[in-house]
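Given next are the chains, with one letter for each unit.
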Amino acid sequence: MHWPWGPEAFSHLHPLKFAYFRPSLVRRTRTAALATREGTLTTAYELRCRECGKTYGNQPLSICDECFSPLEVDFDLDYARSRFTREAIAAGPASMWRYRALLPVSDSYIPTTPAGMTPLLAAPRLAARIGANNLYLKNDAVCLPTLSFKDRVVAVALANAQAFGFDTVGCSSTGNLANAVAAGAARLGLKTYILVPSDLEPAKILNTQVYGATLIRIDGNYDHCNRLCSQIAEKYNWGFVNVNLRPYYAEGSKTVGFEIAEQLGWRLPDNVVVPMAGGSLITKIRKAFSELVALGLVEDKPVKFFGAQATGCSPISTAVRNGADGIEPQRPNTIARSLAIGNPADGPYAIRAIRDSGGWAEDVSDVEIVSAIQELAETEGIFTETAGGVTTGVTARLYAEGRIHPDELTVSCITGNGLKTTDVLQGAYEQGIAVRPRMSDFAAYLEEQQGAALAGAAYVS
């Protein structure tokens, strides 16, 4: 195997950075022996190395001790076949937990937070603006409890933290994950330590502290935070959701893919546009589609995956455009802080997912991000954070470049709420004068506004 960095890097970098993507879902014909009983718990999944295939049962572990590649949760699909059906899903709760038969939680686990099952919305007015005819938005800006898709992954990670007996949990975060871990841990009564870059948006810092979490600002970027979290998790035996609990945490992202398929009437889209930070989300949506096909819930068809990044931190999209297999780390410099991971753990896997599906990756500037946030709000009434601005901006570019055909069914993933990043719109809108509560004053104000609009239109023409 060719490594993008030498073994000497293992001493100070998170080893997830060195993995490569194996694209196809290998359907293993194991017997139900994988489904074992421990008291009242049923386990039909285990950790498996994504490269060499070594298995590890279930434990708080993320790296293979044989080849230093990342571990992934591997399900016995034969065991799941009778439990993961359209009928069983429809009878389940209106949340991500309707898909629990393909999530790494025990049969006896009782969820406490109804995360997921967010709207899939047709976007005709945005589509008309960008030259699309069949565009949908998967809107996780309204996901419970903290308004981002990270609520999904945290729900699964904390379920496993409890199962493994951790009383203290944490994460490294660019914002949304910090919010989700803090809220989820508060609900479960777990102690929480969260490390974030010192330049994180104030709203995201407040949205973490309000839940009582211990928030530690690190004088560095996300990669510095993540490296320190790896050391802390080992020294103190704490459950860090995106370190030693990462394989379980990542599986929560599959529920985005499950929901898209179900909300489309149990069919797959032609294209999916996904924002990329660590690169895990795009690979897990693809895994979800593969599992649905393997279980016969949807008809198999080609789905192209398109990745979206910010120009100030675009290691994955840069690699895709350059035809590279590995990641060249970057120093983040973008307003899209929730995507500001310069050395993405699942970057090589995301590259392969994009390339093997026939998709593409693009990045957009800070100015384009703000413009896309405004355009999405003005056309579809959805206020997204900077990551959603990235996805919207990249989606528009993909249509403009002809990489997506206007008639193809395309889903663009909006992963976080705009109330978390209002600072990027500072100064974009004037407060205006206060109008006295009289009809004559209002009429004068309206006449002035209409005149200004006509003058502006004449200037543009």
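Just above, that's the structure.
The notes below deal with the structure included here. Position numbers for residues count from 1 along each chain, tracking the sequence in the order it is written. The predicted nature of this model means local features are confined to residues of pLDDT at least 70 and side-chain atom pairs, given and counted, to a pLDDT of 80 or more, with totals for whole chains, interfaces and linings taken over all residues. Hydrogens and water molecules were not included; the side-chain quantities draw on all heavy atoms of the structure.

1. Topic: the environment of glutamate 51
- Structurally, the position occupied by glutamate 51 is in the loop between strand 3 (45-49) and strand 4 (55-57).
- Distance from glutamate 51 to cysteine 64, taken between C-alpha atoms, is 8.9 Å for residues 13 residues apart in sequence.
- For glutamate 51, the side chain forms a polar contact with the side chain of tyrosine 349, separated by 3.2 Å. Helix and strand assignments follow DSSP, with helices taken as H or I runs no shorter than four residues and strands as E runs no shorter than two, numbered in order from the N terminus. Polar contacts here mean pairs of N or O atoms no more than 3.5 Å apart (in protein, one a potential hydrogen donor and the other a potential acceptor; neighbouring residues in sequence count only if both atoms are side-chain atoms).

2. Focus: the pattern of salt bridges
- Here a salt bridge means any side-chain nitrogen of Lys or Arg lying within 4 Å of a carboxyl oxygen belonging to Asp or Glu. According to the stated counting rule, one finds 34 salt bridges in the structure shown.
- The shortest N-O distance in the salt bridge between lysine 204 and glutamate 385 comes to 2.8 Å. Of this pair, lysine 204 sits in helix 6 (residues 202-209) while glutamate 385 is found in the loop between helix 13 (366-380) and helix 14 (386-400), placing the two residues 181 residues apart along the sequence. Summarising the burial analysis for this pair, lysine 204 and glutamate 385 share the class buried.
- Glutamate 291 is the partner of lysine 254 in a salt bridge, and the nearest nitrogen-oxygen pair spans 2.9 Å. Of this pair, lysine 254 sits in helix 9 (residues 254-263) while glutamate 291 sits in helix 10 (residues 280-294), placing them 37 residues apart in sequence. Partly exposed residues are those whose accessible area sits between 20% and 50% of the maximum for their type, while under 20% is buried and over 50% is exposed, using a 1.4 Å probe and protein chains only.

3. A closer look at the packing of helix 4 (residues 150-163) against helix 5 (residues 176-188)
- Each axis is a line fitted through C-alpha atoms, and for a helix only the stretch in contact is used; angles between axes span 0 to 180 degrees, taken between their N-to-C directions. Axis separation between helix 4 and helix 5 bottoms out at 9 Å; the angle between their running directions is 45°. Our classification of the angle between helix 4 and helix 5 gives oblique. At the point where helix 4 passes helix 5, the crossing takes the right-handed sense. Residues Lys150, Asp151, Val154, Leu158 and Gln162 of helix 4 touch helix 5, and the partners they reach there are Asn176, Leu177, Ala180, Val181, Gly184, Ala185 and Leu188. Oblique is the label for any angle not under 35 degrees, not over 145, and not in the 65 to 115 range, which are roughly parallel, roughly antiparallel and roughly perpendicular in turn. Crossings are assigned a handedness: left-handed for a near helix turned anticlockwise from the far helix by less than a right angle, right-handed for a clockwise turn. When checking whether two residues touch, look at their non-hydrogen atoms; a contact exists if any pair is within 4.5 Å.

4. Observations concerning helix 6
- Every buried residue of helix 6 is accounted for by Lys204, Ile205 and Thr208. Seen along its axis, helix 6 keeps its buried residues to an arc of 105°; they face one direction. Away from its buried face, by an angle of more than 90 degrees, helix 6 presents the exposed residues Pro202 and Leu206. Here the arc refers to the set of directions running from the helix axis out to each C-beta atom.

5. Digging into the side chain of lysine 150
- Looking at the secondary structure, you find lysine 150 in helix 4.
- Looking at lysine 150, its side chain comes within polar contact range of the side chain of tyrosine 249, at 3.0 Å.
- Once residues within four sequence positions are removed from consideration, lysine 150 is found in contact with Asn176, Leu177, Ala180 and Tyr249.

6. Structural notes on helix 14
- Multiplying 1.5 Å by the helix residue count minus one yields the expected span of that helix. When the terminal C-alpha atoms of helix 14 are compared, their 21 Å separation across 15 residues agrees well with the 21 Å that a helix rising 1.5 Å per residue should span.
- The element helix 14 is largely enclosed, with a buried count of 12 among its 15 residues.
- Buried residues of helix 14: Thr386, Ala387, Gly388, Gly389, Val390, Thr391, Thr392, Gly393, Val394, Thr395, Leu398 and Tyr399, and no others.
- Looking one or two residues beyond helix 14, the residue adopting positive phi is glycine 402, at roughly 75°.

7. Details of the environment of serine 280
- Summarising the element assignment, serine 280 is placed in helix 10.
- By relative accessible area, which is 11% here, serine 280 ends up buried.
- With 27 residues separating them along the chain, serine 280 and serine 253 place their C-alpha atoms 7.9 Å apart.
- Leaving out residues up to four positions away in the same chain, serine 280 has contacts with Arg246, Ala250 and Asp346.

8. Regarding the sheet that holds strand 5 (residues 71-75)
- The pairing criterion is simple: DSSP has to find at least two bridges between the two strands. If you walk across this open sheet you meet the 3 strands as 4-3-5, and the pairing is antiparallel. Both outer strands of the open sheet, strand 4 and strand 5, are each paired with one neighbouring strand and no more. On average, each strand axis in the sheet is tilted by 35° relative to the strand beside it, whichever way the strands run.

9. A few points about the side chain of threonine 192
- Tracing the sequence through the fold places threonine 192 in strand 9 (residues 191-197).
- A polar side-chain atom of threonine 192 sits 3.3 Å from the main-chain carbonyl oxygen of leucine 190.
- Residues in contact with threonine 192, not counting those within four places in the same chain, are Val169, Val181, Ala182, Ala185, Ala213 and Thr214.

10. Regarding the packing of aromatic side chains
- Stacked, edge-to-face and tilted are the three classes for Phe, Tyr and Trp ring pairs, Trp counted by its six-membered ring, which pair at centre distances within 6.5 Å; planes under 30 degrees apart are stacked, over 60 edge-to-face, the rest tilted. Per the counting criterion, the structure on display carries 10 aromatic pairs.
- Considering the side-chain rings of tryptophan 97 and tyrosine 109, the 5.7 Å spacing of their centres and the 55° angle between planes classify their relative orientation as tilted. With tryptophan 97 in the loop between helix 2 (86-90) and strand 6 (120-122) and tyrosine 109 in the loop between helix 2 and strand 6, this residue pair connects regions lying 12 residues apart in the sequence. Summarising the burial analysis for this pair, tryptophan 97 and tyrosine 109 share the class buried.
- With a centroid separation of 5.0 Å and 25° between ring planes, the pair formed by tyrosine 236 and tryptophan 238 is classed as stacked.
- You can call tyrosine 236 partly exposed: its relative accessible area is 46%.
- What makes tryptophan 238 buried here is its relative accessible area of 17%.
- Through successive ring pairs, a cluster of aromatic residues spans Tyr193, Tyr236, Trp238 and Phe240.
- When the ring centre of tyrosine 349 is taken as reference, the NZ or CZ atom of arginine 50 above it lies at 3.8 Å.
- Lying over the aromatic face of tryptophan 360, arginine 403 brings its terminal NZ or CZ to 4.0 Å of the ring centre. Counted as over-ring charges are cases with an Arg CZ or a Lys NZ within 6 Å of the ring centre that also lie within 35 degrees of the ring normal.

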